[in-house]
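# Coordinate analysis (summary)
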Amino acid sequence: MKKEQEAELVSLTQQCWERYWQLDLDFMLSHCDENVSWIGAEQDEFIIGFENVQKNFADLLLHLRSCHLLNQEFYVAQSGKDTCSVIGRYFVATDETNDYFLQVQQRCTFVWEKKDKAYRIMHIHVSNPMGELKVAKGERFVNTVGYMANRYLEENFKKRFLGKQMTVTDLNGAVRFIYLSEIMYIKAQRNDVKIVMTNEQIDVKMNISEFLELADNKFLRIHRSYAVNTDYMSKLERYTVTMKNGEQLPVPVKKYNEIRDEMIKMHNSMK
């Protein structure tokens, strides 16, 4: 077989997999011979004949998620007058549109044979490194693992980038776990505190002094009833602090210069 034809079949194998993982399984099927065989990563995926492979693909389509391929490597393993075997390895990674994350290595073998002046797929074998994928009972794709991985990444992202977490009890007695970096400001109201966050407000059983003892140095008490997260401050002027969401909070006239100096000091210490 000429090198140009080998290169074409390598490219076509790559296209088959790329479109397969974008859920266009018909593209690969359109190149399959009626006697095609498929050996997949699942225990029962030893399938002979086009109709059976097509049926298997239809079932897989209900379980697969759109993915893209990373670090692709495809090579010609064997080439004869009318046959060519292409092997490949790559990483399958879920698209950003999915609600979970998964990235796993996969290997494949395609056997092409010339039939009626066109090359057809006679055999496909796909596998994953031993132990890398764990499919839950009743699944045909690793969806459960993907959801678990996504939750793991989200939690680690929060721990790394959102910083310190606080445990508080709201007025209904529920224990709440909140990140200090998501708090814009707090407001004292009698014996309780209203915590104003980026996405909700929580009334908790503590006073403003108790809150500041638990909080980090991003919070500045600008008033007897208010303490603000300096990351969410937009502007300080006589005699208000404007938050990034447009809210304006009061600053006592007599405390203005002291609060301004403290705010500048805090800002410089964070550089």
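Keep in mind that this is a model prediction, so the values were computed, not measured.

With that settled, consider the overall build of the chain. Summing up its helical and strand segments, the chain has 6 helices and 16 strands in all. Expressed as a percentage of its 271 residues, the buried residues of the chain come to 41%. Taking the contacts inside the chain whose residues are at least 6 apart along the sequence as the reference set, 48% of them involve residues at least 24 apart. For the chain, the exposed surface amounts to about 16,100 Å²; the carbon and sulfur share of it is 48%.

Moving on, we come to the side chain of E45. Inspection of the secondary structure puts E45 in the loop between β1 (32–39) and β2 (46–48). Residue classification places E45 among the buried residues on the basis of a relative accessible area of 6%. Within the local environment of E45, its side chain forms a polar contact with the side chain of W38, the two groups lying 3.2 Å apart.

What follows concerns the sheet that holds strand β13 (residues 226–229). Strand order in the open sheet made by the 5 strands is β11-β10-β9-β13-β12, with antiparallel pairing throughout. At either end of the open sheet lies a strand with only one pairing partner, and these are β11 (201–204) and β12 (219–223). Here the average twist between neighbouring strands, direction ignored, is 20°.

Along strand β9 (residues 183–189), 5 of the 7 residues are buried, which leaves the element largely enclosed by surrounding structure. Where β9 and strand β10 (residues 192–197) come together, 6 bridges link them in antiparallel fashion. Across the sheet, I186 pairs through a bridge with I195, a residue of β10. Between the end of β9 and the start of β10, which pair antiparallel, lie 2 residues, with R190 showing a positive phi angle near 60°. In the sheet, β9 pairs with β13 via 3 bridges, with the strands oriented antiparallel. Its bridge partner lying in β13, Y185 is registered against V228.

All chains considered together, the criterion is met by 10 salt bridges. Between R19 and D24 there is a salt bridge whose closest N-O contact spans 2.8 Å. The network of salt bridges with shared partners includes D170, R176 and E200.

On average, the chain scores 83 in pLDDT, and the residues at 70 or more come to 83%. Confidence scores differ between elements of the chain, with helix α4 (residues 143–162) showing the lowest mean pLDDT of 49 and β1 the highest of 96. Residue range residues 130–137 is modelled with pLDDT below 50. Its contacts to residues more than four positions away, or to other chains, number 11 contacts. Low pLDDT (under 50) marks residues 139–149, which in the prediction has 33 contacts with non-local residues, meaning those over four places away or in another chain.

Applying the stated criterion across every chain yields a total of 13 aromatic pairs. Between W17 and Y90, the aromatic rings sit 6.2 Å apart at their centres with planes inclined by 45°, giving tilted as the arrangement. With a gap of 73 residues between them, W17 in helix α1 (residues 3–20) and Y90 in strand β4 (residues 83–94) connect regions that are remote in the sequence. We classify W17 as buried; its relative accessible area is 1%. The class of Y90 is buried, set by a relative accessible area of 1%. Grouped by ring-pair contacts, the aromatic residues W17, Y20, W21, W38, F57, F74, Y90, F110 and W112 constitute a single cluster.

On to the sheet that holds strand β15 (residues 240–243), then. With antiparallel pairing, the 3 strands of this open sheet are ordered in space as β14-β15-β16. Both outer strands of the open sheet, β14 (233–237) and β16 (248–250), are each paired with one neighbouring strand and no more. Looking at each pair of strands side by side, their axes are set apart by 20° on average, direction ignored.

Moving on, we get to the environment of A227. Tracing the sequence through the fold places A227 in strand β13. A C-alpha to C-alpha distance of 6.8 Å links A227 and K187, two positions 40 residues apart in sequence. A227 has contacts with Y185, I186, I208, L212, L220, R221 and I222, leaving out every residue within four places of it along the chain.

Residues of β13 alternate between two faces, with Y226 and V228 on one and A227 and N229 on the opposite face, all of them buried. Here 4 bridges tie β12 to β13, and the two strands are oriented antiparallel to one another. Its bridge partner lying in β13, L220 is registered against V228. What sits between β12 and β13 in their antiparallel hairpin is a turn of 2 residues.

What counts, and at which threshold
The residue numbering used here restarts from 1 in each chain and proceeds along that chain's sequence as written. Reporting in this predicted model follows two pLDDT cut-offs: at least 70 for local features of residues, and 80 or more for side-chain atom pairs to be given and counted; totals over whole chains, interfaces and linings ignore these cut-offs and use all residues. As a rule here, side-chain values cover all heavy atoms of the structure and leave hydrogens and water aside. Secondary structure elements follow DSSP: runs of H or I of four or more residues count as helices, runs of E of two or more count as strands, with numbering from the N terminus. Partly exposed describes any residue whose relative accessible area lies between the buried limit of under 20% and the exposed limit of over 50%, with all areas from a 1.4 Å probe on protein chains only and scaled to the type maximum. Any two residues having at least one pair of non-hydrogen atoms within 4.5 Å are treated as being in contact. Reported accessibility uses the Shrake-Rupley method at a 1.4 Å probe radius. Residues are deemed covered only where the shown protein chains occlude them. Any N or O atom pair separated by 3.5 Å or less is treated as a polar contact, with the protein-specific requirement of one donor-capable and one acceptor-capable atom, and with residues adjacent in sequence counted only for side-chain atom pairs. A pair of strands is considered paired only if DSSP assigns at least 2 bridges between the two. Fitted lines through C-alpha atoms give the axes, limited to the stretch in contact for helices. The angle between two N-to-C directions lies from 0 to 180 degrees. Salt bridges are defined as contacts in which a side-chain nitrogen from Lys or Arg sits within 4 Å of a carboxyl oxygen from Asp or Glu. Confidence scores here are pLDDT values: one per residue, from the predictor, ranging 0 to 100. Stacked, tilted and edge-to-face pairs are distinguished by plane angle, under 30 degrees for stacked and over 60 for edge-to-face with tilted covering the rest, among Phe, Tyr and Trp rings (Trp via its six-membered ring) whose centres lie within 6.5 Å.

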